[in-house]
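# Survey of secondary and tertiary structure
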Amino acid sequence: GAGAPKVAFDSSGNAVAVWEQYDGTQNNIYANRFTPSAGWGTATLVENNSDGDAFGTQMAMNASGDAIAVWYQSEGTVFNIWASRFTPSNGWGTPTLVDDDTGTAVAPEVAMDPSGNAVAVWRQNVGTRTRIWANRFTPNTGWDTARLIESSEAGVSARDPQVAMDPSGNAIAVWRQIQGASLDIWANRFTPSTGWGTATLIEAGVGSAFTPQVTMDPNGNGTAVW
């Protein structure tokens, strides 16, 4: 069976769809491209079929038709975050390991700017804690080094990361984090010139907060809801 489809369009009406598909043995990530002139093409395996089960596919696309898909995939004892890039001229590239391969990593999200730069975020087990990590992609250099973007003193479990980007390549990530007896919402901001800032508590009201979402406008302002 197939499930969890995601689809996005560029400014010319071309679309890319990604989804998870079970082949009777394991779960794989597939993609297909639509163009107004030719319709849908042939489904393409995006990840390495020799690896383990792959889940949680997400995708971002820009106005030029570039796209990046991310997912988490079993490597035997842990899950890792992987990504593949699509360009209209070259199709899908070789899958790339995005996390630092030190603990189980799941729940990736990705955003892309008009120049094809992207930021991925995910949650990763580190010892007894679940923490929020990020990595940045640029067309010239590929994926950078995975970065821890939440505070080590701020709680024992962080989940539900989301990320948005503006046209200048700035990004904001949000997530929920257990702190004492409550669940609060935290955020961190990335700029191309200085990298990630300091994790900031943006909600600490009475009760627990869940499922944060974030967006950015062309001027770099961000809005988070939960």
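Treat the numbers as computed from the prediction; the structure is a model and nothing was measured.

Quick notes on the rules
Residues numbered from 1 in each chain as written. Predicted model: local features only at pLDDT ≥ 70, side-chain atom pairs only at ≥ 80, totals over all residues. Heavy atoms only, no water. Helix = DSSP H or I, 4+ residues; strand = E, 2+ residues; numbered from the N terminus. Rg over C-alpha atoms; globule rule 2.2 N^0.38 Å. Buried < 20%, exposed > 50% of the residue type's maximum accessible area, 1.4 Å probe, protein only. Contact = heavy atoms within 4.5 Å. Patch = residues over 30% accessible without salt bridge, like charges linked within 9 Å, V, L, I, M, F, W, Y side chains within 5 Å. Areas by Shrake-Rupley, 256 points an atom, 1.4 Å probe, with all protein chains shown as cover. Salt bridge = Lys/Arg side-chain N within 4 Å of Asp/Glu carboxyl O. Pairing = 2+ DSSP bridges. Polar contact = N/O pair within 3.5 Å; in protein donor to acceptor, adjacent residues only side chain to side chain.

### Comments concerning the overall build of the protein
- For the protein, the helix and strand inventory stands at 0 helices and 22 strands.
- The C-alpha atoms of the protein give 17 Å as radius of gyration, which agrees with the globular expectation for 226 residues (17 Å, within 12%).
- Taken over 226 residues, the protein has a buried fraction of 49%.
- Intrachain contacts of the protein at a sequence separation of at least 6 include 40% that bridge at least 24 residues.

### Focus: a nonpolar patch on the surface
- On the surface, Val-7, Phe-9 and Trp-40 cluster together to form a nonpolar patch covering roughly 350 Å² of accessible area.
- According to the relative accessible area criterion, Trp-40 is partly exposed, its value standing at 47%.

### What about the pairing of strand β22 (residues 222-225)?
- Across 4 bridges, strand β21 (residues 213-216) lies against β22 in antiparallel orientation. From the neighbouring strand, Met-216 faces β22, where its bridge partner is Gly-222.
- The hairpin formed by β21 and β22 contains 5 residues between the paired strands, and Gly-220 there has a positive phi angle of roughly 90°.

### Describing unusual backbone geometry
- A positive phi angle, close to 60°, is found at Ala-107, a residue other than glycine.
- For Thr-211, which is not glycine, the phi torsion reads 40° and is therefore positive.
- Along the polypeptide, Thr-211 turns up in the loop between β20 (200-203) and β21.
- Note on Thr-211: relative accessible area 52%, which makes it exposed.

### Side note on the pairing of strand β6 (residues 54-61)
- Within β6, 6 of the 8 residues are buried, which leaves it mostly tucked inside the rest of the structure.
- Inspection of the sheet shows β6 paired to strand β7 (residues 67-74) by 6 bridges, in the antiparallel sense. Within the sheet, the bridge partner assigned to Gln-58 lies in β7 and is Val-70.
- Hairpin connection from β6 to β7: 5 residues lie between these consecutive antiparallel strands, with Gly-65 at a positive phi of about 95°.

### Thoughts on the pattern of salt bridges
- The full count for this structure, using the stated rule, is 4 salt bridges.
- Of the charged contacts, one joins Glu-150 and Arg-129 as a salt bridge, the two residues approaching to 3.5 Å between their closest N and O atoms. In this pair, Glu-150 is assigned in the loop between β15 (147-148) and β16 (157-165) and Arg-129 in strand β13 (residues 129-138), connecting sequence segments 21 residues apart. Here the two residues Glu-150 and Arg-129 agree in accessibility, since each one is buried.
- Arg-131 is paired through a salt bridge with Glu-150; the nearest N and O atoms lie 2.9 Å apart. Here Arg-131, found in strand β13, pairs with Glu-150, found in the loop between β15 and β16; they are 19 residues apart in sequence, far enough to count as distant.

### Examining the side chain of Asn-62
- Mapped onto the secondary structure, Asn-62 falls in the loop between β6 and β7.
- In this structure Asn-62 comes out as buried when scored by relative accessible area, which is 4%.
- Within the structure, the side chain of Asn-62 is placed 3.3 Å from the backbone oxygen of Pro-114, a separation counted as a polar contact.
- Residues within four places of Asn-62 in sequence aside, it is in contact with Asp-10, Met-112, Asp-113, Pro-114, Ser-115 and Gly-116.

### Let's talk about the side chain of Arg-176
- Tracing the backbone through its elements, the reader meets Arg-176 in strand β17 (residues 171-179).
- In terms of polar contacts, Arg-176 uses its side chain to reach the side chain of Asp-160, at 2.5 Å.

### Let's talk about the environment of Pro-114
- Within the fold, Pro-114 resides in the loop between β11 (105-112) and β12 (118-126).
- The class of Pro-114 is partly exposed, set by a relative accessible area of 48%.
- In this structure the C-alpha to C-alpha distance between Pro-114 and Gly-65, which are 49 residues apart in sequence, comes to 9.5 Å.
- Once residues lying within four places of it in the same chain are set aside, the contact partners of Pro-114 are Asn-62, Ser-64, Asp-166 and Pro-167.

### Describing the environment of Thr-42
- Relative to the assigned elements, Thr-42 resides in the loop between β4 (39-40) and β5 (44-45).
- Along the chain, Thr-42 and Ala-31 lie 11 residues apart, while their C-alpha atoms are 8.5 Å from each other.
- With residues up to four places along the chain from it excluded, the contact list for Thr-42 reads Ala-31 and Asn-32.

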